[in-house]
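So the chains spell out like this:
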Amino acid sequence: LICCYRKPKTKRAKRFLEKREPKLKENTKNAMLIKGGNANLTVTEVLKDIYAVKKPFAVLYKKKNITRPFEDQTSLEFFSKKSDCSLFLFGSHNKKRPNNLIIGRMFDYHILDMIELGIEKFVSLKDVKNSKCPEGTKPMLIFAGDMFDVNEEYRRLKSLLIDFFRGPSVPNIRLAGLEYVLHFTAVDGKIYMRSYKVLLKKSGCKIPRIELEEMGPSLDLVMRRTHLASDDLYKLSLKQPKALKPKKKKNISHDVFGTTYGRIHMQKQDLGKLQTRKMKGLKKRPAEKSAEDGGVSPKKSKSA
């Protein structure tokens, strides 16, 4: 057998390979944004705006790439392995499918899910003359519409959008950092994407008054083709290593608010032998002691 693995010759190559190795806690997912061979101005502007929202966890390919993801997936898998991106957004335009977007994700550098969306209306970041959020702001995601919970394709699209826009995992949240909202609404066969900046106004109390200011981009989308993973493959992609699974502890429970409760098992105690604080006022009198000893007085009677 011939081994195809070669050891790195330099420290830089070794560090590069170590970053690509599987980890217990994976890095934040990166996304690649690719233009098709016939992408028009609208599709190009959409890719640029989503890249601005997704930065710094995104890679924008400026050159056009002639490929059809639903027919041949090898080029996307090659770009995924090259740039170490597990998410992608592909934009194209033709007569049959105008203003086309394909959003998808990878598992082990192979296509897992892929959904095709058509752009019916687009308002870019430049068209909305309001202040913008700084780069790298983690958005709050809101989904409205029964279709996201009833229909399997819309349920998978919701999971895909959460994966695409969620950003890095953070242990703590501060109020001032909640300044960006992405709102998705599914109604009448369409998906409306709106983005807002959160403004915290004075309210006369500790809790500020919240106002939403449209920031852009905004998209009106319609679902076209879908390529969904099988249930077995999807379940395999969600599998977690044993080291990350919480260990069960006996007699410990948690409520909905995260409060920890513990149950302690103790033997029966004799409270009569419990040592208490010694006080002069709690001392027993001689008469009480004699009553406990059976009526025998400790004092001797005086001789006549």
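Residues numbered from 1 in each chain as written. Predicted model: local features only at pLDDT ≥ 70, side-chain atom pairs only at ≥ 80, totals over all residues. Heavy atoms only, no water.

1. Re the overall build of the chain
Here comes step 1: On a plain count of helices and strands, the chain comes out with seven helices and twelve strands.
Here comes step 2: Taking 19 Å as the expected radius of gyration for a compact globule of 304 residues, we find that the chain reaches 33 Å, considerably beyond that expectation.
Here comes step 3: Seen along its three principal axes, the alpha-carbon backbone of the chain occupies a region of about 135 × 70 × 40 Å.
Here comes step 4: Here the chain holds 304 residues, and the buried ones make up 29% of them.
Here comes step 5: Summarising the internal contacts of the chain: among those between residues at least 6 apart in sequence, 66% fall at separations of at least 24.
Here comes step 6: Taken as a whole, the chain presents about 22,600 Å² of accessible surface, with 54% of it coming from carbon and sulfur.
Here comes step 7: Computing the positive centroid from 66 side-chain charges and the negative centroid from 33, the chain places the two 10 Å apart. (Helix = DSSP H or I, 4+ residues; strand = E, 2+ residues; numbered from the N terminus. Rg over C-alpha atoms; globule rule 2.2 N^0.38 Å. Buried < 20%, exposed > 50% of the residue type's maximum accessible area, 1.4 Å probe, protein only. Contact = heavy atoms within 4.5 Å. Areas by Shrake-Rupley, 256 points an atom, 1.4 Å probe, with all protein chains shown as cover. Lys, Arg positive; Asp, Glu negative; His and termini not counted. Charge placed at Lys NZ, Arg CZ, Asp CG, Glu CD.)

2. Focus: helix H2 (residues 41-54)
Here comes step 1: Across its 14 residues, H2 extends 20 Å between first and last C-alpha, which sits within 8% of the 20 Å expected from 1.5 Å per residue.
Here comes step 2: Along H2, the positions that sit buried rather than exposed are Val43, Thr44, Glu45, Val46, Leu47, Asp49, Ile50, Val53 and Lys54. (Expected span 1.5 Å × (residues − 1).)

3. Thoughts on the UniProt feature "domain: Brix" (unreviewed entry) in the chain
Here comes step 1: The positions UniProt marks with the feature "domain: Brix" (unreviewed entry) are residues 29-232.
Here comes step 2: Secondary structure within residues 29-232 divides into 22% helix and 41% strand; the distance between the first and last C-alpha atoms comes to 22 Å. (UniProt positions renumbered as here; feature names shortened; annotations may be inferred.)

4. Things to note about the packing of aromatic side chains
Here comes step 1: Following the criterion strictly, the structure yields seven aromatic pairs and no others.
Here comes step 2: Seen in terms of ring centroids, Phe143 and Phe184 are 5.2 Å apart; in terms of plane orientation they differ by 15 degrees. Their pairing is stacked. Of this pair, Phe143 sits in strand E6 (residues 140-144) while Phe184 sits in strand E7 (residues 180-187), placing them 41 residues apart in sequence.
Here comes step 3: Ring centres of Phe164 and Phe165 lie 5.0 Å apart, and the angle between their planes is 65 degrees; on these two criteria the pair is classed as edge-to-face. You'll find Phe164 and Phe165 in the same group, each marked buried.
Here comes step 4: Taken together through their ring pairs, the aromatic side chains of Phe143, Phe148, Tyr154, Phe164, Phe165 and Phe184 make up a single cluster. (Phe/Tyr/Trp six-rings, centres within 6.5 Å; stacked < 30°, edge-to-face > 60°.)

5. So, helix H5 (residues 152-165)
Here comes step 1: For H5, with 14 residues, the first-to-last C-alpha span of 20 Å sits near the 20 Å given by 1.5 Å per residue.
Here comes step 2: Residues of H5 that are buried: Tyr154, Arg156, Leu157, Leu160, Leu161, Asp163, Phe164 and Phe165.
Here comes step 3: Near the N-terminus of H5, the side chain that reaches the backbone nitrogen of Glu153, with its oxygen 2.8 Å away, is that of Asn151.
Here comes step 4: Remark: Gly167 follows H5 within two positions and exhibits a positive phi of approximately 80 degrees. (Polar contact = N/O pair within 3.5 Å; in protein donor to acceptor, adjacent residues only side chain to side chain.)

6. What to know about the nonpolar core
In a soluble, globular protein the nonpolar side chains are often hidden away together inside.
Here comes step 1: Counting residues in hydrophobic clusters, the biggest one holds 34 residues, and the most contacted among them are Ile50, Leu89, Ile103, Leu117, Phe164 and Phe165.
Here comes step 2: In terms of residue count, H5 provides more of this core than any other element does, six residues in total.
Here comes step 3: Ignoring sequence-local partners within four residues, the contact set of Ile50 consists of Leu33, Leu89, Phe164, Phe165 and Leu219.
Here comes step 4: Core analysis: the next-biggest nonpolar cluster, separate from the first, contains twelve residues, Ile34, Phe79, Phe88 and Ile111 among them. (Core = buried A, V, L, I, M, F, W, Y, C linked by side-chain atoms within 4.5 Å.)

7. Quick look at the pattern of salt bridges
Here comes step 1: Scanning the entire structure with this criterion turns up 13 salt bridges.
Here comes step 2: Between Asp113 and Arg105 there is a salt bridge, and its shortest N-O distance comes to 2.9 Å.
Here comes step 3: Asp113 sits in the buried class, given a relative accessible area of 0%.
Here comes step 4: Here Arg105 falls in the buried class, since its relative accessible area comes to 6%. (Salt bridge = Lys/Arg side-chain N within 4 Å of Asp/Glu carboxyl O.)

8. A short note on the side chain of Asp163
Here comes step 1: Mapped onto the fold, Asp163 is located in helix H5.
Here comes step 2: For Asp163, a relative accessible area of 12% corresponds to the buried category.
Here comes step 3: Here Lys29 takes part through its side chain, which lies 2.8 Å from a polar atom of the side chain of Asp163.
Here comes step 4: Excluding anything up to four places from it in sequence, Asp163 contacts Lys29, Leu87 and Arg105.

9. A word on the pairing of strand E10 (residues 218-227)
Here comes step 1: Bridge analysis of strand E5 (residues 110-123) against E10 gives eight bridges, and the strand direction is antiparallel. Looking at the pairing, Leu117 lines up with Met223 of E10. (Pairing = 2+ DSSP bridges.)

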